[in-house]
Every structure is written in C-alpha cells, then in structure tokens.
Amino acid sequence: MSVQRFAIAILAAGKGTRLQSKRPKVLHCVAGKPLLQHVIDAALRVAAPKDIFVIVGHQAQAVEQAMAHTGVHFVLQAEQRGTGHAVQALAPFVAGVDDLLVLSGDVPLITSEMITQVRDFHLAQRAAMTILTARPKNPFGYGRVLRAAPGQPEVEAIVEQKALTPTQQNAPEINSGIYAFRAAPLFAQIGKLTTSNAHGEYYLTDMAAILHQAGERVVALTADDAQQVLGANTIAEMMQLDTTMRMATAQRLMAQGVTIFRPETCVIDADVVVGADTIVEPFVQLLGHTRIGQDCLVRSYSVVQDCTLGDNVLVRQGCVLDRAVVGDGALLGPYAHLRPESRIGKAAHIGNFVETKNTIVGDGSKANHLSYLGDAEIGANCNIGAGVITCNYDGARKHPTRIGDGVFVGSDSTLVAPITLADGAYVAAGSCITEDVPAEALALGRARQVNKLQWVRKRRGYSK
Ligand code: UD1
Ligand code: CA
C-alpha cells in the first residue's frame, strides 16, 4: 500500500489592502514573529520543508527573503486574482501529491495539532474537500459554511460575507480559510472557478459548491477553540491576536512553574523559554529567542531581547538586555544595559547605569556603578570601580581592553585601548591609563594634588 503523499500550501500573495500599510500583511508581527512565520512554523511540525509551498505575489521578494531561512518552496502568483487563482498557480508544482492542505498566511494562531486533525479527519471522511470551520462570537466578515443538514459533516457551499442573503446574515459557522483537498478532484474542477462575485476574483471558497455539485464529498470540521482560526485583516485584529497569543504563551509558562504577576501587562514572545520558579514582575518584556533559567527574578520594566540567562539571575528594575549571555547567579541593574555580545560570568554584578558591549565579564567580577565597558575582556573576581570607562574608539577604529583576574580598577579611571591590565593589577582611582599595567603592579595615572594653603582667604582680600 502506498502512503498518501501530502503537501502543504500557504497562501501569502495578497496585498492586505485593509491593513493600510506599506509592508506586506504576512510580514506584520504578532507575538514577536511575522504572521507567515507562525504559519510556517506550525506547518514545519507536520511536514518537511520540501513539502511546503508558500504562494507569494505582492512584494514577493521581501516575503521570500524574510522566510528563506525556513527552507520551504516559494511559488509566484504574479497577479493576485484571488485565493482560487493562488491554488491554480501551485498546480504544476504538486503533481504526484495525493492530498493538499491549504493554510492561510494571515491565520497565525493555527497549531500543528489542528493541522493534523484536519488531515486525519479529511482522510477518515474520504472527502474531496475538508473545511476547517469555527463558531466565533462575531462571525461578521468571514465566509459562511452552509451544511447540507444541521449536525451533518456534508457541506453544500461557502458564501462570502458580501454575498450573504438577508436570511444567511447570521449564519454562525465561519470558514477559517484552512482546508484539505484531494488533489485529483481539486485540479480536475478548479478550472470551473469564475470571477463573477463582489471582488471579481477567483475564490477558492467556490470549490465547495463546485465539488459538491460534481458529486464529490465536501465536509466540515469545527474547531473547538474559535480563537485558533481567527484571521487578521486589520492592525486592530492583529493586536487582538497578539494579545491572545501572548496570553497563551504566559499560560504555557505558568503551567511550567513560572510565576508571572499581572501577565496581561507583560509582552512575552511565542518562542521564549523560562525555567520553573522564575518570577516575572509586571511590565516585563521577554522577546525573541530569550531563554531564562530557573529561580530567576526579572523585575518590572526590564526588556530582554534574544538573551540567554542562567539560573538564579536577578534582573533588577529597568534593565535593557540585548543578545547577551548571563551566567548563573549574576546580578544585573537596576538600569543596566547589556548590548549585543555581552557575556556576563557566574555571580558577576553589573550595576546601575553600567553599559557593556561586546564584552566578557568573568565569574565573580563586579562593575556596580556608572561604567562603559566596550570591546573588553575582563577576568574573574575583578572590581571595576564606579565610573570606569573603556576608551575603545579612537574616532576611526575600535580597540580591545584586556583585564586579567583579580584586577582592581579604581573609580573614575579611563582605560585607553588597546590596553592590557595583567592579573592582580591595581589602578588608582581617577587614573587615565595609557600604558599596559604589569601583574600585581599599582598604576597611578593622575596629576598630583596641590593644596594652596589659605588661598580662599587671600582671594577674598583678607589681610593678616
Ligand atoms: C478568506 C476566505 C473567507 C474566510 C477567510 C478566513 C476567500 C475568497 N475567502 O477571506 O471565506 O472566511 O479567508 O480568514 O478565500 N491570497 C493570495 N492570493 C490572492 C489573494 C489572497 O495568496 O490572490 C492570500 C492572502 O495573502 C491571505 C489569504 O490568501 O493570506 C486569504 O486572503 P484574504 O484576502 O485575506 O481573504 P479573506 O477576505 O480574509
Ligand atoms: Ca484574511
């Protein structure tokens, strides 16, 4: 017995006119990821990239470029003449496929479980077309699925919002825009689509009536959770999906032992991972591919983008962390700024108004106040005093600062790179260091103080 060969098509060629935006609709982000990326990610959990075909058209290049990393195929629908026309464009690429799953690039909450359910139902029903439907609170705007008889899976037709008759206006079952088709009857009949409708387009939805009238089996499967199949045609609808998706992410994390206070105030992207017993305070943003370990505390107003934090990390209020790696037990902030390529060691402290960039801070080292550490490599157990600055830029190029283990840099010192401070070196407060400091040496790089006795009295004109 041969195995049914499946392909997945994702419709993403439309302009998104209702969005009023220069950017293509499917590249707009919800929960930190483009709509289309959500759909491709769900499809990739069900099928290999070689079996996934994204139909692109409007700003095709931009869409392809943004999704190239996924390894899926792209099929060009040069003119966007409707969802049915998009599937027609796909025909030459899916010869030999038994069944075709069609997903919509603007229905981003779809899960791989749901896709699998549609596929399995479709096969079990031996249908030519299976439509995933839902009964949302407000069906306005969606195409409506008309069943042959209530409670029966058979469908007679899908009617678009603008074509609903007065008695059909309140038909509660919507078309999600997600379907499974048997390829042979689909492509045998798809030529029957016409453009005689409100938009003058080839509607894929008309395949329901066409196949039904051709004596083929057309059925519907209703999603239990209508939220999962809602589409996004306007920015407001997208932001609603964003809220739903982020809340789902927060729920997933809470189910895994993460405490999130006031989760509705937090912005947590879909792919964020957080360990058990970590506490997230209100108004925190955890973005991109951020991973946070166990037993951490992330305090309010911190924004963490694409970072990896170990266990027991304390992120005090107002930190901005971007593509940084932070070791177990580190203390950050309040108001620390870790810029890309910062690697903070175990139990290290990066305190208030300290900025790091492309810098390694060794285990147990501390920079507690008001510093800029750029292009620096700092060993273990160093003390970087308040106001220390690495002068890494000479106006044309960046230069490195190397600091060994156990180095003490006194407050308000400037380290003019390229420069090396060897293990155990001491730098006196207020020094401008322009020459390398040998191991365990004391470097003083400041002007000598002069006290002019009675100077103030003299200036005021007092005489003895
Ligand atoms: C479509 C359905 C509607 C359903 C709704 C669910 C049709 C005619 N209507 O309406 O029944 O309730 O989805 O969300 O299908 N696209 C192309 N090429 C085109 C036109 C569109 O690839 O020529 C893509 C779009 O980029 C989009 C998807 O198809 O990702 C759906 O198109 P859209 O215009 O948003 O359809 P709706 O009006 O929402
Ligand atoms: Ca849509």
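Residues numbered from 1 in each chain as written. Chains lettered and ligands numbered in written order. Predicted model: local features only at pLDDT ≥ 70, side-chain atom pairs only at ≥ 80, totals over all residues. Heavy atoms only, no water.

Quick word on the environment of Pro438
Here is step 1: Relative to the helices and strands, Pro438 is located in the loop between strand E40 (432–433) and strand E41 (442–443).
Here is step 2: Along the backbone, Pro438 and Tyr203 are 235 residues apart, and their C-alpha atoms lie at a distance of 77 Å.
Here is step 3: Residues in contact with Pro438, not counting those within four places in the same chain, are Ala422 and Ala425. (Helix = DSSP H or I, 4+ residues; strand = E, 2+ residues; numbered from the N terminus. Contact = heavy atoms within 4.5 Å.)

Remarks on a nonpolar patch on the surface
Here is step 1: Where nonpolar side chains cluster on the molecular surface, the patch consists of Phe408, Tyr426, Leu442 and Leu444 and spans about 410 Å² of accessible area.
Here is step 2: Its relative accessible area of 55% is what places Leu444 among the exposed residues. (Patch = residues over 30% accessible without salt bridge, like charges linked within 9 Å, V, L, I, M, F, W, Y side chains within 5 Å. Areas by Shrake-Rupley, 256 points an atom, 1.4 Å probe, with all protein chains shown as cover. Salt bridge = Lys/Arg side-chain N within 4 Å of Asp/Glu carboxyl O. Buried < 20%, exposed > 50% of the residue type's maximum accessible area, 1.4 Å probe, protein only.)

A short note on the sheet that holds strand E32 (residues 376–378)
Here is step 1: An order of E14-E17-E20-E23-E26-E29-E32-E35-E38 is seen for the nine strands of this open sheet, with the pairing classed as parallel. At either margin of the open sheet sits one strand with a lone partner, and together these are strand E14 (273–274) and strand E38 (419–421).
Here is step 2: When strand E29 (residues 360–361) meets E32, the two strands line up parallel, connected through two bridges. Each residue of the ladder has a partner; that of Val361, found in E32, is Ile378. (Pairing = 2+ DSSP bridges.)

Some details on the coordination of the calcium ion (ligand 2)
When four donors bind a metal tetrahedrally, each ideal donor-metal-donor angle is 109.5 degrees, and when six bind octahedrally, the ideal angles are 90 or 180 degrees.
Here is step 1: In this structure, Asp106 (OD) and Asn233 (OD1) serve as the protein donors to the calcium ion (ligand 2), at separations of 2.2 to 2.5 Å. Here the residue Asp106 occupies a position in the loop between strand E6 (99–104) and helix H4 (112–125), and Asn233 occupies one in the loop between strand E11 (218–222) and helix H7 (235–255), the gap between them amounting to 127 residues.
Here is step 2: A relative accessible area of 12% means that Asp106 is categorised as buried. (Donors = N, O, S within 2.8 Å, 3.2 Å for Na, K, Ca; no water.)

Comments concerning the site of ligand 1
Here is step 1: Around ligand 1, 23 residues are found, and the nearest of them are Gln77, Gly82, Thr83, Glu160 and Asn175.
Here is step 2: In this structure, Gly14 approaches ligand 1 through a main-chain N or O atom, which is 2.8 Å from an oxygen atom.
Here is step 3: For the shell around ligand 1, the secondary structure elements donating two or more residues are helix H3 (83–90) and strand E10 (174–182).
Here is step 4: Considering only residue class, the shell around ligand 1 consists of six nonpolar, 12 polar and five charged. (Near = heavy atom within 4 Å. Polar contact = N/O pair within 3.5 Å; in protein donor to acceptor, adjacent residues only side chain to side chain. Nonpolar A, V, L, I, M, F, W, Y, C, P; charged D, E, K, R; others polar.)

Overview of the sheet that holds strand E21 (residues 314–315)
Here is step 1: Taken in spatial order, the 11 strands of this open sheet run E12-E15-E18-E21-E24-E27-E30-E33-E36-E39-E41, and their pairing is parallel. The sheet is open, and its two edges are formed by strand E12 (259–260) and E41, each paired on a single side.
Here is step 2: In this structure, strand E15 (residues 279–280) lies alongside strand E18 (residues 297–298), joined through two bridges in parallel fashion. Along E18, the bridge assignment pairs Ile279 with Leu297.

What about the nonpolar core?
Here is step 1: One finds Leu286, Leu332, Ile344, Ile350, Ile384 and Leu421 to be the most contacted residues of the largest nonpolar core, which totals 50 residues.
Here is step 2: Those residues within four positions of Ile384 in sequence are excluded, and the remaining contacts are Lys366, Ala367, Asn368, Ser371, Leu373, Ile378, Ile403 and Val409.
Here is step 3: Membership of the second largest hydrophobic core comes to 47 residues, among which are Phe6, Val39, Ala134 and Ile178. (Core = buried A, V, L, I, M, F, W, Y, C linked by side-chain atoms within 4.5 Å.)

With respect to the pattern of salt bridges
Here is step 1: Following the criterion strictly, the structure yields 16 salt bridges and no others.
Here is step 2: A salt bridge links Asp271 to Lys33; the nearest nitrogen and oxygen atoms lie 3.4 Å apart. Linking Asp271 in the loop between strand E13 (267–268) and E14 with Lys33 in strand E3 (residues 33–34), this pair joins segments that are 238 residues apart in sequence.
Here is step 3: The exposure class of Asp271 is partly exposed, given its relative accessible area of 30%.
Here is step 4: For Arg246, the salt bridge is made with Asp269, and the minimal N-O distance between the two is 2.6 Å. Note that Arg246 is positioned in helix H7 and Asp269 in the loop between E13 and E14, a separation of 23 residues in sequence.
Here is step 5: A relative accessible area of 14% means that Arg246 is categorised as buried.
Here is step 6: Asp269 sits in the buried class, given a relative accessible area of 7%.

Re the environment of Leu332
Here is step 1: Mapping Leu332 onto the fold places it in strand E24 (residues 331–332).
Here is step 2: Judged by its relative accessible area of 0%, Leu332 falls in the buried class.
Here is step 3: Measuring from C-alpha to C-alpha, the distance between Leu332 and Asn170 comes to 56 Å, with 162 residues separating the pair along the chain.
Here is step 4: In contact with Leu332, other than residues within four places in its own chain, are Leu314, Val315, Arg316, Cys319, Leu321, Val326, Leu338, Ile344 and Ile350.

Describing the domain arrangement of the protein chain
Here is step 1: What the domain assignment lists for the protein chain is domain 1 (6–229) and domain 2 (256–443).
Here is step 2: Here the C-alpha centre of domain 2 lies 48 Å away from the C-alpha centre of domain 1. (Domains from an automatic or database assignment.)

Observations regarding the pairing of strand E27 (residues 349–352)
As a general feature of sheets, a regular strand has side chains that alternate between the two faces.
Here is step 1: Relative to E27, E24 runs parallel, the two sharing two bridges. Looking across to E27, one finds that Leu332 is bridged to Ile350.
Here is step 2: Here E27 runs beside strand E30 (residues 366–369); their pairing, made up of three bridges, is parallel. Residue pairing in the sheet places His349 in a bridge with Lys366 of E30.

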